[in-house]
Amino acid sequence: QVQLVESGGGLVQAGGSLRLSCAASGRTFNKYSMGWFRQAPGKEREFVATISWGGTDTYYADSVKGRFTISRDNAKNTVYLQMNSLKPEDTAVYYCAVARYSHTLAYSDSSYDAWGQGTRVTVSS
């Protein structure tokens with residue numbers, strides 16, 4: 001059974017930075033794309049970023065491009081989201097997820113089949 005545990009959320013002022021981590025277990029980590037999603041209060045969950053199984057390919061939502069960086073350490077079964085130049089509109093619960101199929105890039109909710117419990121990020125103005 002796949003387990004994903006996020007950490008690193010918190011309260012930060014606008015313009016600040018946070019680094020989220022997601023530790024994975026229960027699946028051969030280096031065979032699956034990983035993604036970050038977020039859900040703001042009163043809004044639907046939205047895609048943030050994804051990284052391929054080997055870490056060579058990344059893709060970002062336009063809203064975070066140039067500010068956020070997704071990376072992974074397959075030796076530690078961990079994926080990261082470095083968030084810089086944070087804005088109040090980045091306030092949300094952030095979730096990591098593992099792709100449904102191995103060796104497949106995953107861009108949409110339906111492409112993922114396991115999710116973490118989420119970590120809350122609050123950006124004050």
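Figured I'd write up the structure that's included with this text. (Residues numbered from 1 in each chain as written. Predicted model: local features only at pLDDT ≥ 70, side-chain atom pairs only at ≥ 80, totals over all residues. Heavy atoms only, no water.)

## Let's talk about the packing of aromatic side chains
Pairs of aromatic rings are described using the distance from one ring centre to the other and the angle between the two planes. Taken as a whole, this structure holds 6 aromatic pairs when the rule is applied. Taken together, Phe37, Phe47, Tyr59, Tyr107, Tyr112 and Trp115 form an aromatic cluster joined through their ring pairs. The ring of Tyr32 is capped by Arg27, whose NZ or CZ atom sits 4.8 Å from the centre of that ring. Positioned above the aromatic ring of Phe29, the side-chain terminus of Arg72 is 4.3 Å from the ring centre. (Phe/Tyr/Trp six-rings, centres within 6.5 Å; stacked < 30°, edge-to-face > 60°. Lys NZ or Arg CZ within 6 Å of the ring centre and 35° of its normal.)

## Brief notes about the side chain of Arg38
By the element assignment, Arg38 lies in strand E4 (residues 34-39). Note on Arg38: relative accessible area 5%, which makes it buried. Only 2.6 Å separates the side chain of Arg38 from the side chain of Glu46, close enough to count as a polar contact. Here Ser63 takes part through its side chain, which lies 3.5 Å from a polar atom of the side chain of Arg38. Once residues lying within four places of it in the same chain are set aside, the contact partners of Arg38 are Glu44, Arg45, Glu46, Val48, Ser63, Val64, Phe68, Glu89, Asp90, Ala92, Val93 and Tyr94. (Helix = DSSP H or I, 4+ residues; strand = E, 2+ residues; numbered from the N terminus. Buried < 20%, exposed > 50% of the residue type's maximum accessible area, 1.4 Å probe, protein only. Polar contact = N/O pair within 3.5 Å; in protein donor to acceptor, adjacent residues only side chain to side chain. Contact = heavy atoms within 4.5 Å.)

## A word on empty space enclosed by the protein
Within this structure, the stated rule accounts for 1 cavity of 30 Å³ or more. Taken as a whole, the largest cavity spans an internal volume of roughly 30 Å³. Around the largest cavity, the lining residues are Val2, Ala24, Ser25, Gly26, Arg27, Phe29, Met34 and Val98. Residue composition of the lining of the largest cavity, grouped by class: 5 nonpolar, 2 polar and 1 charged. (1 Å grid on protein atoms, 1.4 Å probe; cavity = no way out; pocket = protein on both sides within 12 Å on 5 of 7 lines; lining within 4 Å. Points joined across faces, edges and corners; volume = space filled by probe spheres on them. Nonpolar A, V, L, I, M, F, W, Y, C, P; charged D, E, K, R; others polar.)

## Here we look at the sheet that holds strand E3 (residues 18-25)
Taken together, the 4 strands give an open sheet; going across it, the order is E1-E3-E8-E7, and neighbouring strands pair in antiparallel fashion. At either margin of the open sheet sits one strand with a lone partner, and together these are strand E1 (3-7) and strand E7 (68-73). Across the sheet, the mean angle separating the axes of adjacent strands is 15° when strand polarity is ignored. Sheet topology note: the E7/strand E8 (residues 78-83) ladder contains 6 bridges and is antiparallel. Bridge assignment links Ile70 to a residue of E8, and that residue is Leu81. (Pairing = 2+ DSSP bridges. Axes fitted to C-alpha atoms, helices over the stretch in contact; angles between N-to-C directions.)

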